[in-house]
Amino acid sequence: MLEREFALISDPTLALRHPTIKEYNRQSKLYAEFCRQFHISHTAPIQEKHLCAYLSLRARTHSVFTIRSTVSALASWHVTQFNMPLPRSHLLCQTLRNLRQLYAARDMPTQSSVLEPHDLLSIRASLPSSYQNFSLWTCCLLLFWGIFRIGEILFKQQPSDSPIPQLPALTWGQLTFSSRGVTVTLSRDKTHNHPVKICIASRPQDVFLCIVTALQRLFDLTPIHLRSPDCPVFRTYDPYSTPKTQRAHIALTADTFVRRFRIALRSAGHHDPDSFSGQGFRRSGTTFMLRSGVPAEVVRHHGRWSPTSTTFQRYLAAAAAWDATSLQRPTSPTHHRPHHISCLRS
């Protein structure tokens, strides 16, 4: 899979999105620091032995996705600076294969665990009845059926040098309810600088998994003074407020959500709750819809991936490789079919 990164930058005129350009610039600066540290000229074309050494050094402390991003960034930088592709020799290909084997030997999870609708139901059954737990549950449904990035609906502090724009938490003013479902309006997302509308249909045949029913119920449970259009949708209790009988409500952050969700997974008997991350909802919702027969183009449009997205291609491959018999196992008294989804942009 790492070798395919070279094909992404085969055309120097390829239009890259602004966050991608910022990430590539950051990666090229890291390589320049490596060159200065080991007295290597970074103004000359990259030699294969130097590239292999750099990737091997990065593999000690970084994930396979960071290595893939590094290869893409250096390939783009090399084409821009020297008008020639990176050297692709037997040594480099062998190094990439060895890195893949190294990650497999470490048993490092390169993807978060995948959730199914029956997993969500088991989590709901394990959560005690409270406002903050229902807020957590509703957030799970929205992430799963809406294929959202966790930073699009929950506040997630980004590093100062991150190429991902800092997004505020989802507010009640961004939700529009109708007889058909709910529309979530994002001022922007990771790859677009214009407003994006994501429409999710209601699911009256299965109220326990219906995001519209959950959001309406959450709105009723939310204190009146916290229902204004600029108030965050998902909240939790402030653990430092006193007395406990009058706890203040604060916005649910991405870190708090992931931590509490892993606790809920553990209570529900999940085999490896620590392997799950916020990105797992986006992956789980995507692969479930693809395996359930939703056209790939509809899912891609709904998830707001570009037509050339390699991430979506990996999800397609994962859905195609999934054992078809797994869809036949009973998951609940009702058959979980995916929502009718569409994505409208304005």
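Notes on the structure in this doc start here.

1. Thoughts on the packing of helix H7 (residues 131-146) against helix H9 (residues 211-221)
The geometry of H7 relative to H9 is characterised by a closest axis approach of 10 Å and an angle of 150 degrees between their N-to-C directions. On the basis of the axis angle, H7 is roughly antiparallel to H9. Seen along the crossing, H7 lies across H9 with a hand that is left-handed. Together, Tyr131, Phe134, Ser135, Thr138, Leu141 and Leu142 of H7 and Ile211, Ala214, Leu215, Arg217, Leu218 and Leu221 of H9 make up the contact between the two elements. Residues that form the contact of H7 with H9 fall into these classes: 9 nonpolar, 2 polar and 1 charged.

2. Overview of the environment of serine 292
Mapped onto the elements, serine 292 comes out in the loop between helix H11 (279-291) and helix H12 (296-303). Classification of serine 292 by relative accessible area gives buried; the value is 8%. Considering only alpha carbons, one finds serine 292 and alanine 319, 27 residues apart in sequence, at a separation of 9.4 Å.

3. Quick look at helix H10 (residues 254-267)
Between its terminal C-alpha atoms H10 stretches 20 Å, which fits the 20 Å expected from 14 residues at 1.5 Å a residue. Of the positions making up H10, those classed as buried are Ala254, Thr256, Phe257, Val258, Arg260, Phe261, Ala264 and Leu265. Turning to H10, the residues buried within the fold contact helix H6 (117-126), H7, helix H8 (150-153), strand S4 (235-237) and H11. Positive phi appears at glycine 269, one or two residues downstream of H10, with a value of about 90 degrees.

4. Things to note about the side chain of glutamine 27
Residue placement: glutamine 27 occurs in helix H2 (residues 18-37). By relative accessible area, glutamine 27 is classed as buried at 0%. Among all residues touching glutamine 27, those that are not within four sequence positions of it are Tyr54, Arg58, Thr66, Ser69, Thr70 and Ala73.

5. Description of the pattern of salt bridges
Tallying each qualifying case throughout the model produces 4 salt bridges. Between arginine 291 and glutamate 116 there is a salt bridge whose closest N-O contact spans 2.5 Å. Of this pair, arginine 291 sits in helix H11 while glutamate 116 sits in the loop between helix H5 (90-106) and H6; the two residues are 175 residues apart in sequence, bridging distant segments of the chain. The pair arginine 291 / glutamate 116 is uniform in exposure class, with both members buried. Between glutamate 152 and arginine 304 there is a salt bridge, with its nearest N and O atoms 2.5 Å apart. On the criterion of sequence distance, the pair formed by glutamate 152 in helix H8 and arginine 304 in the loop between H12 and helix H13 (310-321) is long-range, its members being 152 residues apart. Given the relative accessible area of 3%, glutamate 152 is considered buried. Look at arginine 304 and you get buried, because its relative accessible area is 0%. One connected set of salt bridges, linked through shared partners, spans Arg149, Glu152 and Arg304.

Basis of the calculations
- Residues numbered from 1 in each chain as written.
- Predicted model: local features only at pLDDT ≥ 70, side-chain atom pairs only at ≥ 80, totals over all residues.
- Heavy atoms only, no water.
- Axes fitted to C-alpha atoms, helices over the stretch in contact; angles between N-to-C directions.
- Helix = DSSP H or I, 4+ residues; strand = E, 2+ residues; numbered from the N terminus.
- Parallel < 35°, antiparallel > 145°, perpendicular 65-115°, else oblique.
- Left-handed = near helix turned anticlockwise from the far one by under 90°.
- Contact = heavy atoms within 4.5 Å.
- Nonpolar A, V, L, I, M, F, W, Y, C, P; charged D, E, K, R; others polar.
- Buried < 20%, exposed > 50% of the residue type's maximum accessible area, 1.4 Å probe, protein only.
- Expected span 1.5 Å × (residues − 1).
- Salt bridge = Lys/Arg side-chain N within 4 Å of Asp/Glu carboxyl O.

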